[in-house]
Structure formats: C-alpha cells, structure tokens
Amino acid sequence: MTIVPLSEGSFTIDGTKQFVPFDQDAHELQDRPKGSLLVEIQPFVVVTGEDVLLLDTGLGFEKDGVPQLHRNLMDAGINPGEVTKVLMSHLHKDHAGGVSRFDSNGKHVISFPNATYYVQQKELDYAFEKDSASYITEELECLKSAPNVVFLDGDGVIGGYIQYQLVGGHCPYHQVFRIVDGGETVFFGGDNAPQLQQMKSRFAAKYDYDGKKAMELRQQWWQEGHPAGWKFLFYHDIKTPIG
C-alpha cells in the first residue's frame, strides 16, 4: 500500500471552536486567546490494489475556488476524481469540513462525487441532534440525500479488506479503520489515536467524550499493532504522520 499524508498545516483553536492558521516560525502561542490549543490537521490517502482511499477530509478550506484538499491531492499526483472511497472516522468539522464544497450556485455538494462515502448513521444523527459547535451541519446536510453515501451501523467489513469498528471514545459514535492488503496492515484511529506520543503514554484528554476509554483503546491498539508492524496513521501529528 502507498500512504500519502495530506497536511493542511497547524492551527490554534479556543472556546470559539474556530481554527486559526498558526505558523510556528512566525507566531507565538501565548499571543492567542487563553486556553488555545495547537492542532495539526492531516487527512491521508491510502492507495491499495483495489482503491484510492481518502481517510477523513480536513477543514474544507478553499483558495481561489479550489478546495485545499483537492489541491493537496493533485500535488501528490492524484486526481480528486480518482478517489474511490472516503472513510469518515467521525464528523467533527476539522475532519469533515471537506466532505462537501460550494457549487457555482453557492450550494453545498459532495466534494468527491465519484467516490463512495462511508459514515456511521448514528454519528450523522448525533451531529444534527447535538447542536454543537464541533459540527457544521450545513456542510453535512448533503450526506443525507447523496446517492454515493453508505450509512454504517456498528462494525463490519468494506470490500472484503477494510475493517471498521464503532468504538466511541473521542465522541459517542467514532469509528476506526483497519486496512489489510498485500500482507500489510494500516490502522487509522482518527481522534482516538491522533498522535504518536499519545500511543506511548497514559493520557486521558479532557476534550474527549470519554477520555478514559479513548486512552484504553490507544493502549490496546498499540500493544497489538506495534509488535505486529502495523502502520498507524496520525491525523494530528504532522511531524510523525506514520508510526
């Protein structure tokens, strides 16, 4: 399998839940509002023998009318139209902002019309019921009616080689993916396994829905996958995208 990190850069986020670009060479964290967290954003493409898989969709920012995610794909030599499956760990806006884009009429439409999206049904329902700043429902509305969206319920297998598991932790209906192809295993834990350092330490995050469970899941996956040579993909770790 070929793995391509699609870094969107670093941002700070405070109580407003707004993602503000942060240049570590030019900016000082203490100059941002009190309590600001530094967050790195990094979707992935995994090219297998069967598919071009996109794992989460970033913030959805655009420049000159072109989504940053599309531009990053093209810079990596991948036409956005070649993506065959979009695997969504959850629908928080830093992971799902690129699910949709504006069309010429200013309406949100699916960003990858040639791909099949895989979304937990209960996660989408929760996004609309919760009324939380972590979700931008206008960007998610098109998932409800798009013909290329498959709604998942619990655990299962996609295409005979992509295992998905509903685990909760970071949010109530968060899912993770294990891709097994050609003798290799790639694991994507989304925000339950966001950084390499968190895999190696007992760290319960206050921003998680169930921080204790997320911590325990990380330890379980690391203990199983590290000796077995899994490739872990870290969405919020630009310095070590693959562990």
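A. Local environment of unusual backbone geometry. In the Ramachandran plot, aspartate 56 falls in the positive-phi region, its phi being about 65 degrees despite a non-glycine side chain. Here aspartate 56 lies in the loop between β6 (52-55) and β7 (62-63). Residue aspartate 56 is classed as buried on the basis of its relative accessible area of 0%. In this structure, aspartate 64 is a non-glycine residue whose phi angle is positive, near 55 degrees. Looking at the element boundaries, aspartate 64 is found in the loop between β7 and β8 (66-67).

B. Local environment of the packing of aromatic side chains. The full count for this structure, using the stated rule, is twelve aromatic pairs. On the basis of an interplanar angle of 70 degrees and a centroid distance of 5.9 Å, the ring pair of phenylalanine 11 and phenylalanine 61 is categorised as edge-to-face. Of the two residues, phenylalanine 11 sits in strand β2 (residues 9-13) while phenylalanine 61 sits in the loop between β6 and β7, which places them 50 residues apart along the sequence. Assessed through its relative accessible area of 3%, phenylalanine 11 is described here as buried. Overall, phenylalanine 61 belongs to the partly exposed group, its relative accessible area being 35%.

C. Structural view of helix α6 (residues 211-228). Taking 1.5 Å per residue as the helical rise, α6 with its 18 residues ought to reach 26 Å, and the 26 Å between its terminal C-alpha atoms agrees with that figure. All of the buried residues along α6 are Gly211, Ala214, Met215, Leu217, Arg218, Gln219, Trp221, Trp222 and Gly225. One or two steps after α6, the chain reaches glycine 229, where phi turns positive at roughly 80 degrees.

D. Geometry of helix α3 (residues 121-130). What α3 keeps buried is the set Glu123, Leu124, Tyr126 and Ala127. Down the axis of α3, the buried side of the element spans an arc of 160 degrees, and every buried residue falls inside it. Along its buried surface, α3 packs onto β12 (116-120), α4 (137-140) and β13 (149-152). Just downstream of α3, aspartate 131 is the residue with a positive phi angle, here 55 degrees.

E. Geometry of the pattern of salt bridges. Enumeration according to the criterion identifies five salt bridges in this entry. Among the salt bridges present, the one from lysine 85 reaches aspartate 51, with a minimum N-O distance of 2.9 Å. Residue lysine 85 is found in strand β9 (residues 85-87), and its partner aspartate 51 is found in the loop between β5 (44-47) and β6; the two are separated by 34 residues along the sequence. Owing to a relative accessible area of 14%, lysine 85 belongs among the buried residues under this scheme.

F. View of the pairing of strand β15 (residues 162-166). Here three bridges tie strand β14 (residues 156-158) to β15, and the two strands are oriented antiparallel to one another. When the sheet's bridge partners are listed, isoleucine 158 is paired in β15 with isoleucine 162. What sits between the antiparallel neighbours β14 and β15 is a turn of three residues, in which glycine 159 has the positive phi angle 65 degrees. As judged from the five bridges shared by β15 and strand β16 (residues 175-181), these two strands associate in the antiparallel manner. Pairing of glutamine 165 across the sheet is with valine 176, part of β16.

G. The arrangement of the sheet that holds β6 in detail. Ordered by their spatial adjacency, six strands build an open sheet running β1-β5-β6-β9-β12-β13, and the pairing between neighbours is mixed. Edge positions in the open sheet fall to β1 (2-5) and β13, since each of these has one partner strand only. Ignoring strand direction, the axes of neighbouring strands in this sheet form an average angle of 20 degrees. Sitting on the sheet, α3 touches β12 and β13, and the angle it makes with β12 is about 70 degrees.

H. Representation of empty space enclosed by the protein within the structure. Under the defined criterion, the tally for this structure stands at one cavity of 30 Å³ or more. Quantified by volume, the largest cavity comes out at close to 60 Å³. Taken together, Gly60, Phe61, Glu62, Pro67, Gln68, Leu69, His70, Gly97, Gly98, Ser100, Arg101 and Ser111 make up the lining of the largest cavity. For the lining of the largest cavity, the elements supplying multiple residues, two or more each, are α1 (68-75) and β10 (100-102). For the lining of the largest cavity, the element with the highest residue contribution is α1, accounting for three residues. Looking at side-chain class alone, the lining of the largest cavity contains three nonpolar, seven polar and two charged residues.

Reading the values: rules and limits
- Residues numbered from 1 in each chain as written.
- Predicted model: local features only at pLDDT ≥ 70, side-chain atom pairs only at ≥ 80, totals over all residues.
- Heavy atoms only, no water.
- Helix = DSSP H or I, 4+ residues; strand = E, 2+ residues; numbered from the N terminus.
- Buried < 20%, exposed > 50% of the residue type's maximum accessible area, 1.4 Å probe, protein only.
- Phe/Tyr/Trp six-rings, centres within 6.5 Å; stacked < 30°, edge-to-face > 60°.
- Expected span 1.5 Å × (residues − 1).
- Arc of directions from axis to C-beta.
- Contact = heavy atoms within 4.5 Å.
- Salt bridge = Lys/Arg side-chain N within 4 Å of Asp/Glu carboxyl O.
- Pairing = 2+ DSSP bridges.
- Axes fitted to C-alpha atoms, helices over the stretch in contact; angles between N-to-C directions.
- 1 Å grid on protein atoms, 1.4 Å probe; cavity = no way out; pocket = protein on both sides within 12 Å on 5 of 7 lines; lining within 4 Å.
- Points joined across faces, edges and corners; volume = space filled by probe spheres on them.
- Nonpolar A, V, L, I, M, F, W, Y, C, P; charged D, E, K, R; others polar.

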